[in-house]
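These are the residues of each chain, in order.
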Amino acid sequence: MTNKKGSSDVEKLKEDLLNDYKEHLDKLFASETFDLTFDEREKLIDTAVNKNRCKILTEHLEKDPDGVSKNNYHPDESSLCQCGACAPLHRDKNGEPKVFKREIKTKGGSITVQEYGYYCSQCRRIFFPSPKKAGSVQRKLQP
Ligand SMILES: [Zn+2]
């Protein structure tokens, strides 16, 4: 990560998370949840933790310098495939860079990332050059 969040952004995120968590604690101790079983209560606790985990990770990806959602980011016209071939940016019918929505599975659920893809004519596949996101999710989009 080269694009660090400003300290006011971090404070805002922390405040949002605290508010979320407080709301969830209220729910956890609300009278409606008084008769929950142990398993149900555990699930309720997990829901809050996972929701915030996904929120933090989504925020992380949105600030990713390689991500589409980064402000004013323009993708490179080409990228180097693992096979060594130079692959052009994948475009739609109108010639616009195509945005791929990819799901990343985390321990606490799935989050979505939007990225530009590159098409390698040697390997006949679309790939996403950011090394930290490559891996198992990449295979899903292969033709
Ligand atoms: Zn290739």
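Let us look at the structure shown here. (Residues numbered from 1 in each chain as written. Predicted model: local features only at pLDDT ≥ 70, side-chain atom pairs only at ≥ 80, totals over all residues.)

### Some remarks on the pairing of strand 4 (residues 109-116)
Two elements, strand 3 (residues 99-106) and strand 4, share 8 bridges in a ladder whose sense is antiparallel. Each residue of the ladder has a partner; that of Phe100, found in strand 4, is Glu115. Count of turn residues in the strand 3/strand 4 antiparallel hairpin: 2 residues. (Pairing = 2+ DSSP bridges. Helix = DSSP H or I, 4+ residues; strand = E, 2+ residues; numbered from the N terminus.)

### Re the environment of Lys98
Within the secondary structure, Lys98 sits in the loop between strand 2 (86-88) and strand 3. You can call Lys98 partly exposed: it has 17 C-beta atoms within 10 Å. Sequence-wise, Lys98 and Gly117 are 19 residues apart; in three dimensions their C-alpha atoms are separated by 7.1 Å. Aside from chain neighbours lying at most four places away, what touches Lys98 is His90, Arg91, Asp92 and Gly117. (Buried ≥ 20, exposed ≤ 12 C-beta atoms within 10 Å, placed from the backbone. Contact = placed C-beta atoms within 7 Å.)

### Some points on the packing of helix 1 (residues 7-28) against helix 2 (residues 38-62)
Put simply, helix 1 and helix 2 touch, their axes get as near as 10 Å, and they point 165° apart. Compared by their axis directions, helix 1 and helix 2 come out roughly antiparallel. Where helix 1 crosses over helix 2, the two elements pack in a sense that is right-handed. Of the residues in helix 2, those touching helix 1 at Leu13, Leu17, Asp20, Tyr21, His24 and Leu28 are Leu44, Ile45, Ala48, Asn52 and Glu59. (Axes fitted to C-alpha atoms, helices over the stretch in contact; angles between N-to-C directions. Parallel < 35°, antiparallel > 145°, perpendicular 65-115°, else oblique. Left-handed = near helix turned anticlockwise from the far one by under 90°.)

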